[in-house]
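Breakdown of the fold
The primary structure of each chain is shown beneath.
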Amino acid sequence: MGEFMTAAAGFPTLLFTAALVVVVGFWLLVLCGAVAHDSFDGELDAGALGLGGVPVTVAMSLLVASAWFLGLSGSVLLGRSGIAGAGLHLLNIVVLLVALGVSWLLTRLLLGQLRRLFPDEPGPSRQDFVGLTCTIRTGRVDARFGQAEVAARDGSTAVVQVRQYGAGELGLGSTGLLYAYDEDGEYFWVSPYDAELSPRG
């Protein structure tokens, strides 16, 4: 145990040990609810290191943990080799660089699996349809009844419930504009729209 403690408190592992203490402290705060796991996503760009696609804290935690383990292992092996003097200092620098490089590669491999758990974009929302034109698919639309077909920006289509103030202006095949969504009723408010003026036409 003394051998590992000496290695953890010596160069280069000490650099990773200090970072690991910070990482462990951060995740303890996350468990206590004091901070969110994605607190630093807006401040740091892990994508510049090829570690994007997951919260920055997850990527950095994996990087630090793997670098610490590799640095510790390298320091222990050097300690057992019996090398001393300038040669030992040079090899310690090599261990530092190798630990950083290999941990970066390992982290990239692990993140390749984890990215599926952290999608880049939020899922589709009905609010995405607000502001789009639609085609009425029922004979009438009033304050209590109506359906329309709307094409999302990604090209997919959906049939949605629509309502309008008044009646008679929207009928089968006419074009309407979805201008609001009612969360409680789960329908869109629609108004008549001239298809020739539609930017989607």
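Residues numbered from 1 in each chain as written. Predicted model: local features only at pLDDT ≥ 70, side-chain atom pairs only at ≥ 80, totals over all residues. Heavy atoms only, no water.

1. Some thoughts on the packing of aromatic side chains
Short version of the rule: Between 30 and 60 degrees the pair is tilted, below 30 it is stacked and above 60 it is edge-to-face, where a pair is any two Phe, Tyr or Trp rings, Trp via its six-membered ring, whose centres lie within 6.5 Å. Working definition: with a 1.4 Å probe on protein chains only, accessible area under 20% of the residue-type maximum means buried, over 50% means exposed, and in between means partly exposed. The way it works is that DSSP assigns letters per residue, a run of H or I at least four long becomes a helix, a run of E at least two long becomes a strand, and they are numbered from the N terminus.
Applying the stated rule across the entire model yields 5 aromatic pairs. Taken together, a centroid distance of 5.3 Å and an interplanar angle of 80° make the contact between Phe26 and Trp27 edge-to-face. A relative accessible area of 26% means that Trp27 is categorised as partly exposed. Summarising the aromatic geometry, the rings of Tyr165 and Trp189 are spaced 4.5 Å apart at their centres and angled 5° between planes, so their arrangement reads as stacked. In this pair, Tyr165 is assigned in the loop between strand E3 (157–163) and strand E4 (175–182) and Trp189 in strand E5 (residues 187–192), connecting sequence segments 24 residues apart. Given a relative accessible area of 62%, Tyr165 falls into the exposed group. Put simply, the rings of Phe129, Tyr181 and Phe188 pair up and form one aromatic cluster.

2. Quick word on the environment of Ala7
Going by this rule: Contacts were defined at the residue level, with two residues in contact if any of their heavy atoms lie within 4.5 Å.
Position of Ala7 relative to the elements: it lies in helix H1 (residues 2–8). Aside from chain neighbours lying at most four places away, what touches Ala7 is Thr13, Leu72, Ser75 and Val76.

3. Some points on the pairing of E5
Worth spelling out the cut-off: Note: two strands are recorded as paired if DSSP finds a minimum of 2 bridges between them.
Sheet topology places E3 next to E5; 2 bridges connect them, and they run parallel. In the sheet register, Val162 faces E5, and the bridge partner there is Phe188. In terms of strand pairing, E4 meets E5 through 6 bridges, oriented antiparallel. Looking at the pairing, Ala180 lines up with Trp189 of E5. The hairpin turn running from E4 into E5, its antiparallel successor, is 4 residues long, and Glu186 in that turn takes a positive phi close to 55°.

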